[in-house]
Amino acid sequence: MKEIVIILAEIVNNIHDLLIDMLGLHMSDKQLHFWIIGIIGMVTFFIVYFFFKLIEKMKWSTAITSFIYTFTVMVVLVFAIELQQAITNRGNMEFADAVMGLWGFIVLFLIYAVSAVLIYFLFKVFKKKK
């Protein structure tokens, strides 16, 4: 996990150097962050907006949207915990730990989803019999 963070930091540093040296953009870090994060944020927004509009037309759109949002929060939380372990030297910072934590959420969510669908169809069947 620590190696992945170091590799990602190296990639960001290389992009930073490319923008400053090769393209001749002489900006402060604050200006560079303003433009790069702003552009990445807007591109992400339009992609997410497109997919959420598609999801909105589906039967259980609220549940799907809730899952996506919760999964996103869980990814941030899992990596924050792993980074905290690296900073404080309490536990091992491993990518496998993060993946297992996310699998825990996915498995428990699947148990919930299957149960909810079964209950939904049982109610539908019993309602028809009345």
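The present account deals with the structure reproduced in this document. (Residues numbered from 1 in each chain as written. Predicted model: local features only at pLDDT ≥ 70, side-chain atom pairs only at ≥ 80, totals over all residues. Heavy atoms only, no water.)

**Examining the pattern of salt bridges**
Note that side chains of opposite charge can pair when their charged atoms are close.
Stage number 1. Tallied over the entire structure, the rule returns 1 salt bridge.
Stage number 2. In this structure, Lys53 and Glu56 form a salt bridge, with 3.2 Å as the shortest nitrogen-oxygen distance. Placement of both Lys53 and Glu56 in helix α2 (residues 29–56) is noted, with a separation of 3 residues, approximately one turn of the helix.
Stage number 3. Here Glu56 falls in the partly exposed class, since its relative accessible area comes to 49%. (Salt bridge = Lys/Arg side-chain N within 4 Å of Asp/Glu carboxyl O. Helix = DSSP H or I, 4+ residues; strand = E, 2+ residues; numbered from the N terminus. Buried < 20%, exposed > 50% of the residue type's maximum accessible area, 1.4 Å probe, protein only.)

**Focus: the packing of aromatic side chains**
Stage number 1. Across all of its chains, the model carries 12 aromatic pairs by this definition.
Stage number 2. Each ring, one from Phe45 and one from Phe46, has its centre 5.3 Å from the other, and the planes form 70°; the classification is edge-to-face.
Stage number 3. Ring geometry for Trp60 against Tyr120: centres 5.5 Å apart, planes inclined by 90°, an arrangement best described as edge-to-face. Residue Trp60 is located in the loop between α2 and α3 (61–88), and its partner Tyr120 is located in helix α4 (residues 95–129); the two are separated by 60 residues in the primary sequence.
Stage number 4. Residue Trp60 is classed as partly exposed on the basis of its relative accessible area of 40%. (Phe/Tyr/Trp six-rings, centres within 6.5 Å; stacked < 30°, edge-to-face > 60°.)

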